[in-house]
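Chain and residue survey
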Amino acid sequence: GVQRLLDSYVQKQLWQETGGAGFANIQSSYVDRLNTLYGVPGSTTSLTGQFNTFKQKLAVLQASPASIAVRSDVISSAKLLANKIGLISDGIKDIRQAAEDGLSDAVSVANTALADLAKINAKFGAQQPDPSLLDQRDRAIRSLSEVMDIKVTEVGNGRV
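Read on for a plain summary of the structure. Predicted model, so just to flag it, every value in this text is computed and none were measured.

Turning next to the nonpolar core. Side chains that are nonpolar tend, in soluble globular proteins, to be buried together. The biggest cluster of nonpolar side chains holds nine residues, and these are Trp 15, Ala 110, Ala 113, Leu 117, Ala 140, Ile 141, Leu 144, Ile 150 and Val 152. In this structure, Leu 61, Val 70, Val 74 and Leu 81 belong to the second largest nonpolar core, which totals five residues.

Structure (structure tokens):
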């Protein structure tokens, strides 16, 4: 017959670390998106670079307020800075929407996995659990561990 052999400690560690890896991947993705929006620190196209350029042009305007060319330069710099801030604002809105959508998707995955686990737990009887049913249970637990930190405790006859 078919036998199911596995190291339950290693399996539980895998489930636990899968949640941590998922969190790290999501966090890294959002940080990368924010870094793209704000730009490389020190570059002239980053938010800080454009703000510093605007400040420098204001200083020049302060030194020669009657110059039409300097005034025009300040206005151009202000428009660029305002445009950059607008782009960042739109990007942050997009990131927020993506986070909300991701949370909604994760809740759906968790609800499905928990419903599957409840159905599988109900199928276990007093005798030795069927290996294919244990595999189904482990897939549901793995799916759940991909969206949240979990701790799995077996309560007997394959039920968790």
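Having seen it, we continue.
Our focus in this paragraph is a nonpolar patch on the surface. The grouping of Leu 34, Tyr 38 and Ile 92 at the surface amounts to a nonpolar patch, some 220 Å² of accessible area in total. Inspection of the secondary structure puts Ile 92 in helix α3 (residues 68-123). Ile 92 gets classed as partly exposed once you look at its relative accessible area, which sits at 35%.

Looking now at the pattern of salt bridges. Taken as a whole and assessed by the stated rule, the structure comprises five salt bridges. A salt bridge links Arg 96 to Glu 100; the shortest N-O distance between them is 3.2 Å. Taken as a pair, Arg 96 and Glu 100 lie in helix α3 at a separation of four residues, close to a single helical turn. Given a relative accessible area of 39%, Glu 100 falls into the partly exposed group. Where Arg 137 meets Glu 154, a salt bridge forms, and the shortest distance between an N and an O atom there is 3.8 Å.

Analysis parameters
Residues numbered from 1 in each chain as written. Predicted model: local features only at pLDDT ≥ 70, side-chain atom pairs only at ≥ 80, totals over all residues. Heavy atoms only, no water. Core = buried A, V, L, I, M, F, W, Y, C linked by side-chain atoms within 4.5 Å. Buried < 20%, exposed > 50% of the residue type's maximum accessible area, 1.4 Å probe, protein only. Patch = residues over 30% accessible without salt bridge, like charges linked within 9 Å, V, L, I, M, F, W, Y side chains within 5 Å. Areas by Shrake-Rupley, 256 points an atom, 1.4 Å probe, with all protein chains shown as cover. Salt bridge = Lys/Arg side-chain N within 4 Å of Asp/Glu carboxyl O. Helix = DSSP H or I, 4+ residues; strand = E, 2+ residues; numbered from the N terminus.

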